[in-house]
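Understanding the architecture of this molecule
If you want the building blocks of each chain, they are given just below.
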Amino acid sequence: LELAGQTGSRFVEMQATGNLASMLERQSPSEEAFCLYRKALELSYRHGGNDSVAIAHANLAGALARTREDTRAMEHYGKALEICRREGMGLHRADYAMELLIVLIRCRELDRASRLFQELDSWELPLDYHVSLEHARALMKNAMGHSEESCEILLGILEEARPGVEKFDVLALLYQI
C-alpha cells in the first residue's frame, strides 16, 4: 500500500487496497481484511468510476458471503448489480447476479431468487455461463423440495461441465441430493 500511495494515483491505491484485502481475507478472514475492503469501497466512491464502485461492492460482498454474513453480502451484491444494470456493464452484471443468486438460495430468499432467475434468463449470456446458471437452478429446485428435478438438471449439465471445480460442484450436489 505504501508503494501504491507513492504513485500519487488514488486509483492505484484503491486497487492495491482491494487486492491486499482479498489476499488477507482468503488466507484467514480477519477484521483487518474487512477494514481494507471497506477502505477500498470508500476510495472507489471518492476516486473511481462506477465500475470501480461496483467491483468494490462485489469484492466486499464475496468476502461477506464466504464468512456467511449473507444479509450484508446480499446488500452489497445488490448495490453492485444495480450499478451494472444502470451502466450496462454486461459481464460484471452476469457475474454479480450469479453470486447474488447463490446467496439468495442459501438464505431461502426463493421469491427474490426466482425473480433474479427470470432476469438472468432474459439476458443473452455467453455460453460458458450455462453450466453455472443451471447449477444454480438445480440448487433452487432442491431448496424448493424438488430433488428429482434438481437431479435431472445436474445430470443434463454434467457432460458440459468443465473438468475440475465445475464438474466437482455438479457431482457434489448430486451426491448431497
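Residues numbered from 1 in each chain as written. Predicted model: local features only at pLDDT ≥ 70, side-chain atom pairs only at ≥ 80, totals over all residues. Heavy atoms only, no water.

**Quick word on the pattern of salt bridges**
- Inspection of the entire model under this criterion finds 11 salt bridges.
- For glutamate 31, the salt bridge goes to arginine 38, with nearest N and O atoms at 2.5 Å.
- Judged by relative accessible area, arginine 38 falls into the partly exposed class, the value being 32%.
- The closest approach of N and O atoms between glutamate 119 and arginine 85, which form a salt bridge, is 2.7 Å. (Salt bridge = Lys/Arg side-chain N within 4 Å of Asp/Glu carboxyl O. Buried < 20%, exposed > 50% of the residue type's maximum accessible area, 1.4 Å probe, protein only.)

**A short note on the nonpolar core**
- Core analysis: the largest hydrophobic core is formed by 42 residues, its most contacted members being Leu101, Leu116 and Leu120.
- Of all the elements in the fold, those that place two or more residues in this core are helix H3 (31-47), helix H4 (50-66), helix H5 (70-87), helix H6 (90-106), helix H7 (110-122) and helix H8 (130-143).
- Residue contacts for leucine 120: discarding those within four places in its chain leaves Ala97, Met98, Leu101, Leu125 and Leu133.
- Core analysis: the next-biggest nonpolar cluster, separate from the first, contains 10 residues, Ala138, Leu154, Ile157 and Leu174 among them. (Core = buried A, V, L, I, M, F, W, Y, C linked by side-chain atoms within 4.5 Å. Helix = DSSP H or I, 4+ residues; strand = E, 2+ residues; numbered from the N terminus. Contact = heavy atoms within 4.5 Å.)

**What about helix H10 (residues 165-176)?**
- Taking 1.5 Å per residue as the helical rise, H10 with its 12 residues ought to reach 16 Å, and the 16 Å between its terminal C-alpha atoms agrees with that figure.
- Residues of H10 that are buried: Glu166, Val170, Leu173 and Leu174. When H10 is viewed along its axis, its buried side chains cluster within an angular range of 105 degrees and face the same direction. Opposite the packed face of H10, turned more than 90 degrees from it, sit the exposed residues Val165, Phe168, Tyr175 and Gln176.
- Looking at the buried side of H10, the elements it contacts are H8 and helix H9 (147-158). (Expected span 1.5 Å × (residues − 1). Arc of directions from axis to C-beta.)

**Some remarks on the layout of surface pockets**
- The volume enclosed by the largest pocket comes to roughly 790 Å³.
- Contributing to the lining of the largest pocket are 28 residues, with Tyr77, Asp95, Met98, Glu99 and Ile102 lying nearest its centre.
- Secondary structure elements with two or more residues in the lining of the largest pocket: helix H2 (10-27), H4, H6, H8 and H10.
- Class assignment for the residues of the lining of the largest pocket results in 12 nonpolar, seven polar and nine charged. (1 Å grid on protein atoms, 1.4 Å probe; cavity = no way out; pocket = protein on both sides within 12 Å on 5 of 7 lines; lining within 4 Å. Points joined across faces, edges and corners; volume = space filled by probe spheres on them. Nonpolar A, V, L, I, M, F, W, Y, C, P; charged D, E, K, R; others polar.)

**Side note on unusual backbone geometry**
- Its identity is not glycine, yet arginine 68 carries a phi of approximately 65 degrees, on the positive side.
- When you line up the elements, arginine 68 lands in the loop between H4 and H5.
- Residue arginine 68 is classed as exposed on the basis of its relative accessible area of 55%.
- Despite not being glycine, arginine 108 has its phi angle at roughly 65 degrees, a positive value.

**Brief notes about the packing of aromatic side chains**
- Counting across every chain of the model gives one aromatic pair.
- The ring centre of tryptophan 123 lies 3.7 Å from the NZ or CZ of arginine 93, which sits over that ring. (Phe/Tyr/Trp six-rings, centres within 6.5 Å; stacked < 30°, edge-to-face > 60°. Lys NZ or Arg CZ within 6 Å of the ring centre and 35° of its normal.)

**Considerations on the side chain of serine 150**
- Examined against the element boundaries, serine 150 turns out to sit in helix H9.
- What makes serine 150 buried here is its relative accessible area of 0%.
- At 2.8 Å, the side chain of serine 150 and the backbone oxygen of alanine 138 are in polar contact.
- Setting aside anything within four residues of it in sequence, one finds serine 150 in contact with Ala138, Lys141, Asn142 and Ile177. (Polar contact = N/O pair within 3.5 Å; in protein donor to acceptor, adjacent residues only side chain to side chain.)

**Re the packing of H4 against H5**
- Close contact between H4 and H5 brings their axes to 8 Å; oriented N to C, the two are set at 155 degrees. With respect to H5, the axis of H4 lies roughly antiparallel. For the element pair H4 and H5, the recorded crossing hand is left-handed. Along its contact with H4, which presents Asn50, Val53, Ala54, His57, Ala58, Leu60, Ala61, Gly62, Leu64 and Ala65, the element H5 presents Asp70, Arg72, Ala73, His76, Tyr77, Lys79, Ala80, Ile83, Cys84, Arg86 and Glu87. (Axes fitted to C-alpha atoms, helices over the stretch in contact; angles between N-to-C directions. Parallel < 35°, antiparallel > 145°, perpendicular 65-115°, else oblique. Left-handed = near helix turned anticlockwise from the far one by under 90°.)

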